[in-house]
Amino acid sequence: MKVIILCVLASLIPQLLISQVDNTGHGTEPIDTLHSNKVLDEVIISASRQKEKLINSPAAINLITAKQFENHTGSPEELFALQKGVDFSRTGSFWSTMSIRGFNSAFNQKILMIDDNRIANLRIRTPVGPFSPYIKEDIERVEIILGPSSALYGPNSLNALLYTISKSPFTYQGTTVVLGVSSHNLFNARFRHAKAINNKWAYKITSEYLSGNEPEFTDSVYVMGVYQGRPEIGLDRSATFVKMLAAAFYKPTKLSEIGLNYALNLSTSMNGSRNNLDNWNNSSLQLSYKSPHWFAQIYKTWIILDNSTNSRARSLNYYDLLDQGQKEDVAFHNSLHGPRQTSLEENSYRYNTDIQYNHNWMNFNFIVGTQYQNENAFSNHTYLIDDKGRIILHQYGVYGQIIADVNNTGVKLIVASRADHHSVFGSNILPKAAITHTKNNSTWRITYGKGYLVPTLINSYQISGSGIILGNAEGFTLSDGSTIAPLKPETIKTLEIGFKTLILNSNLLLDAATYYNWSENLISPIVNIVPNGLSGGAVVTHRGNRPIADFTIGNPNPGSMVFSNINFGYAQTYGFDLGLKYQFLNYFNITLNYSLFNYRLDRNDLRNDANSDGKVTDNDLSVNTPRHKISSAFSVNAKKLNLTVFPRWVQKYDFFSGRNVAAQTNHENIYNGSSVVENRRVGDSFNYGQLGGFYISANANYQLTKIINLGAYVNNIVGKGNYEFVATAPTEATYGIELKFNF
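The sections below set out a description of the structure shown in this document. Treat the numbers as computed from the prediction; the structure is a model and nothing was measured.

Some remarks on the pairing of strand E22 (residues 411-422)
Then, in step 1: Note: strand E21 (residues 391-406) against E22, 12 bridges, orientation antiparallel. Looking at E22, one finds that Gly-400 is bridged to Ser-417.
Then, in step 2: Taken together, E21 and the strand that follows it, E22, pair antiparallel across an intervening segment of 4 residues, in which Asn-408 is found at a positive phi of about 55°.
Then, in step 3: Two strands pair when backbone bridges link them, and E22 and strand E23 (residues 426-439) are joined in this way by 12 bridges, in the antiparallel orientation. Bridging from a neighbouring strand, Leu-413 pairs with Ile-435 of E23.

With respect to helix H4 (residues 311-323)
Count 3.6 residues to each turn of an α-helix, and residues three or four apart come out pointing the same way.
Then, in step 1: Taking 1.5 Å per residue as the helical rise, H4 with its 13 residues ought to reach 18 Å, and the 18 Å between its terminal C-alpha atoms agrees with that figure.
Then, in step 2: Among the 13 residues that make up H4, 10 are buried, leaving the element largely enclosed by the rest of the structure.
Then, in step 3: Residues of H4 that are buried: Ser-311, Ala-313, Arg-314, Ser-315, Leu-316, Asn-317, Tyr-318, Tyr-319, Asp-320 and Leu-321.
Then, in step 4: Packed against the buried residues of H4 are strand E13 (221-223), strand E14 (228-230), strand E17 (275-290), strand E18 (294-310) and helix H5 (328-334).
Then, in step 5: Capping the start of H4 is the job of one residue whose side-chain oxygen sits 3.1 Å from the backbone nitrogen of Arg-312: Asn-310.

Description of the nonpolar core
Then, in step 1: Ranked by size, the top nonpolar core spans 31 residues in total, and within it Ile-64, Phe-80, Ile-100, Val-142, Ile-144 and Leu-162 carry the most contacts.
Then, in step 2: Taken together, the elements giving at least two residues each to this core come down to strand E3 (60-65), strand E4 (86-90), strand E5 (96-100), strand E6 (111-115), strand E8 (139-146), strand E9 (160-166) and strand E15 (238-250).
Then, in step 3: Here the element with the most residues in this core is E8; it accounts for 4 residues.
Then, in step 4: If sequence neighbours within four positions are ignored, Ile-144 has contacts with Ala-60, Ile-61, Asn-62, Ile-64, Phe-80, Gln-83, Ile-100, Leu-161 and Leu-162.

Procedures and definitions
- Residues numbered from 1 in each chain as written.
- Predicted model: local features only at pLDDT ≥ 70, side-chain atom pairs only at ≥ 80, totals over all residues.
- Heavy atoms only, no water.
- Pairing = 2+ DSSP bridges.
- Helix = DSSP H or I, 4+ residues; strand = E, 2+ residues; numbered from the N terminus.
- Expected span 1.5 Å × (residues − 1).
- Buried < 20%, exposed > 50% of the residue type's maximum accessible area, 1.4 Å probe, protein only.
- Contact = heavy atoms within 4.5 Å.
- Polar contact = N/O pair within 3.5 Å; in protein donor to acceptor, adjacent residues only side chain to side chain.
- Core = buried A, V, L, I, M, F, W, Y, C linked by side-chain atoms within 4.5 Å.

Written out as structure tokens, the structure is:
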């Protein structure tokens, strides 16, 4: 039926919208007007908070341009799988996740995402796709900085920064309509309209509708005691996403601009944690000002979640009620109400302000700025410890940077520093320094930087499973008098050497970087902080100053099993990233990326014993990252045809995070009380084996007429049956087509 609707709408839209074509000839602007096809001209702004050529930037950067988004059919998230240093995993029809330079987890938050200078919702895992504020046609570029960027951007840019810039309606005008269908009954409709009324005023409106189903995959639920695997109950695999964005811009002068931007994202879906999220509202309102010397903004973001359901808790309730003698229909209804809490709610918001000033004097560029954040979170005690009222957190920071251009030498010296303070986790000083040398389209650089990660709301204030899982903002006291310290920020220091060069008439870009990291106070996945609590050992008596009984209502053994996050140890990681990008004969592009990641762990230092089992193993560190990975793309960009083939290989690797396990058989490795064996239960989670594998996808579009473009894709032509992430269906081939109309 949706295919028929697509065809009917495709035939009507040119007639319905023909009157909107600008008679002055200003239709949709050429895609990616800021970048030519030559890699020599690619420009970025995120590395130093100022415009500079990619070849000269003092950081390892991946750049995804508007042209790449324009030529890609289907989900734009797949483009991130092709970037050097990026670990990308598809976790369903709609969800995906990314990790950079190690320590992936089921709740990875080591990457900071910026949307048009706004800090994105930390629970969103990629900067594009159904959960972002943008449709694909409104993205000018995404810049991915590998390594810490905290000195300029603040906390949580521990391993990387993802900086998304949308299209200006002054530059990119016209109307675009896209209709698409694909596997799992996916239907997608996107719309963008942008117009410059005159040289002072411009506006744009975008919207998207996306619906479909998640794959038919059952993540077994293990009933305590007998540990018998049983199917999930009440899981709704259908999903709907609606998002819209409206923005208006005014230029008081030729070089200054005031912007007002409102974005709304509404969704009902099943996430990777097997939760049914109902009417999840992520929205933002932003007022900004920018000029050659000043940038200022104030914005508010909202997260509102209706009464949603934790499907795993509901399934466990259902089987407990059956064992108590209730009939299936009665148990199904009552499973929503106990004994475990199943509801999830949220009504949270966040205020942010930024002011930045930059100035050039002689051979120096100066940047100074300040930022403030007020976070106000409330879940009605459904998954956060907010029974005493809203959780209110404050953060503020000041930063400065000096860039000195040494005359006629090609040498630039960069020094930056930042001071931050958090109302719960205290203060941090974050330095950064770099030296670059540019000559004949080649740049050498050496950089040093420090980053830090503030524990998230989940790390700090989570409550789940009648107090079995508790956040660690205030620490714990045990019955033997010992204590578990409250969480503090995780820190990383990075030393990096990089080289970029353009050769073959500036058509081949080689970008290589090697780095070494020193990490301290790593934030662990959730671990049982009283591993012997059920066998006569110490139990938790207090969280902070409150007795544990305040959090364990309905738990027959309060404090005897408590999972939480802790800080642990000291680890060293290192790696190498190589990227090649070659354009030839004006029509062909080849991209090849290789990444190596490894680590050192002192197994004699019990400070690295994250799970408190008396020994240090790889499980404690939870690197959760492939040692080797290769991605590539071969593209043909003819006058009307764009065709790309994407092969990538991810070396198989083990993944341990909380209750989730995906690992090869190792009988000597005891995790959550079980030997690690493939295709068997480990703890209370099923182990399907290691993640990773080899994948090939293809993507194409053809310009049928001046205004109509037909696109199609096949993902995972090769790669079916591989597992990309825990608690997720194995990879399968998916197909889709799109019709695009540009007016």
